[in-house]
Amino acid sequence: MKRTAYFDNAKAILIYLVVLGHLLSGYLKQNEYIDTLYLIIYLFHMPAFILISGHFSRKIKGLKDLKKIGKTLLLPYVIFQLLYSLYYKNVFGDGVEIEFLEPRYALWFLLSMIMWKMMLWIFGNHKGMIGVSVIVSLLVGYISEVNECLSLSRTFFFFPFFLIGYYLDRENFVKMKNKWNVRIASVLAISLVLFVYVYGDIRWKEWFFGRIPYEEIHYGILDSAVLSRLFIYILMMVSTYVFLTLVPKGNRWYTAIGSKTLVVYLLHLFIIRAFKETEIYVWIENTSNYIALFAIAFVIVYVLSRNWVCRVTAPLMMAHKK
């Protein structure tokens, strides 16, 4: 399939925000601007990533598709679950055990991708199922057994975005780029930033993650758990629309990174974990030079997206490109 600069631009920007968000997570509750930026990033970076993944997904039609899922998603999950566990435990002495039912860190995305593709058997026949997926997610939050095990909670939480992307055709994305949408998105972007800065609370982040049931979230945004999740959905959908509308559609200097996002996604946490043991990490914390994090995130993305890194790690990624 011929690559489209617009989607590669979006994915390149999003993977940078993924890395930056993970760097920022170590400095939360120390600076209101950092907290605001963190919340803004988490409003749309994974919803937009997942929506784009849904757009490029198709229903599983047979054994060949299942084998492909096993090769490009399940095997990398098993490999990196093992590598993460060994790395964090043996190198840094973190209290993690080798097990495969609860994904380590960013690996939840691989398990959820497998489930989302399978869920298209049920939800992939009519656009009205988008609404059903939202209702299911709102209700599933009450079930304590749906938690981090097998990434089930996140799977249901983010599935509406995957399904929206699945049902959007290319023309829908083209229409987003008309001048009126761009103007509306620009106003909404400013409004969202101001809203999060004035009213946002870093304790909202658990609602953004969607990783645990309602009963384990100890801070409610609105009067009820369902309303809190629905409120977050509205913010996420608006901010995702804003992002996808404002993404450049032509080739940029960073466009090529968009074809290598999985490599960056799966490797960056090895670097970030090591970074947290350095004097630079402590220096940033002591001096509040948070601007350095933007440069560090750029360096991580740039290095991990080099062709030689992709070639070396291709066997681990099963040569996955998307």
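Being a predicted model, the structure only gives us computed values, none of them experimental.

### Description of the overall build of the chain
The number of helices and strands found in the chain is 14 helices and 0 strands. Ordered by position from the N terminus, the helices and strands of the chain form the series α-α-α-α-α-α-α-α-α-α-α-α-α-α. Scaling as 2.2 N^0.38, a compact globule of 322 residues should have a C-alpha radius of gyration of about 20 Å, and the chain matches this with 19 Å. In the form shown here, the chain has an accessible surface area of approximately 15,500 Å², with 65% of it arising from carbon and sulfur atoms.

### Topic: the packing of aromatic side chains
Under the counting rule described, the total for this entry stands at 41 aromatic pairs. Here F7 and F56 contribute two aromatic rings whose centre-to-centre distance is 5.1 Å and whose plane-to-plane angle is 80°, an arrangement assigned as edge-to-face. Taken together, the positions of F7 in helix α1 (residues 5-24) and F56 in the loop between α2 (32-55) and α3 (63-91) put the pair 49 residues apart, joining distant regions of the chain. Measuring from ring centre to ring centre gives 5.0 Å for Y87 and F270, while their planes differ by 70°; the resulting arrangement is edge-to-face. With Y87 in helix α3 and F270 in helix α11 (residues 261-275), this pair connects stretches of sequence that are 183 residues apart. When its relative accessible area of 15% is taken as the criterion, F270 is described as buried. Among the aromatic residues, ring-to-ring pairing joins W108, F109, W116, F123, F157, F158, F159, F161, F162, Y233 and Y265 into one connected group. Above the face of the W180 ring, R183 is positioned so that its terminal group lies 4.7 Å from the ring centre. The ring centre of Y302 lies 3.9 Å from the NZ or CZ of R306, which sits over that ring.

### Points about helix α14 (residues 307-317)
V309, C310, T313 and M317 are the residues of α14 that are buried. Across the axial projection of α14, the buried residues extend over an arc of 95°, all falling on one side. Opposite its buried face, α14 presents the exposed residues W308, R311, V312 and P315, each directed more than 90 degrees away. Buried-residue contacts for α14 involve α3, α11 and α13 (291-304).

### Brief notes about the side chain of S239
By secondary structure assignment, the location of S239 is in helix α10 (residues 225-246). Judged by its relative accessible area of 5%, S239 falls in the buried class. Separated by 3.0 Å, the side chain of S239 and the backbone oxygen of M236 make a polar contact. Non-local contacts of S239, meaning those with residues more than four positions away in its chain, are made with L43, F44 and L192.

### Comments concerning the side chain of S151
By secondary structure assignment, the location of S151 is in the loop between α5 (129-140) and α6 (152-167). When its relative accessible area of 2% is taken as the criterion, S151 is described as buried.

What counts and how
Residues numbered from 1 in each chain as written. Predicted model: local features only at pLDDT ≥ 70, side-chain atom pairs only at ≥ 80, totals over all residues. Heavy atoms only, no water. Helix = DSSP H or I, 4+ residues; strand = E, 2+ residues; numbered from the N terminus. Rg over C-alpha atoms; globule rule 2.2 N^0.38 Å. Areas by Shrake-Rupley, 256 points an atom, 1.4 Å probe, with all protein chains shown as cover. Phe/Tyr/Trp six-rings, centres within 6.5 Å; stacked < 30°, edge-to-face > 60°. Buried < 20%, exposed > 50% of the residue type's maximum accessible area, 1.4 Å probe, protein only. Lys NZ or Arg CZ within 6 Å of the ring centre and 35° of its normal. Arc of directions from axis to C-beta. Contact = heavy atoms within 4.5 Å. Polar contact = N/O pair within 3.5 Å; in protein donor to acceptor, adjacent residues only side chain to side chain.

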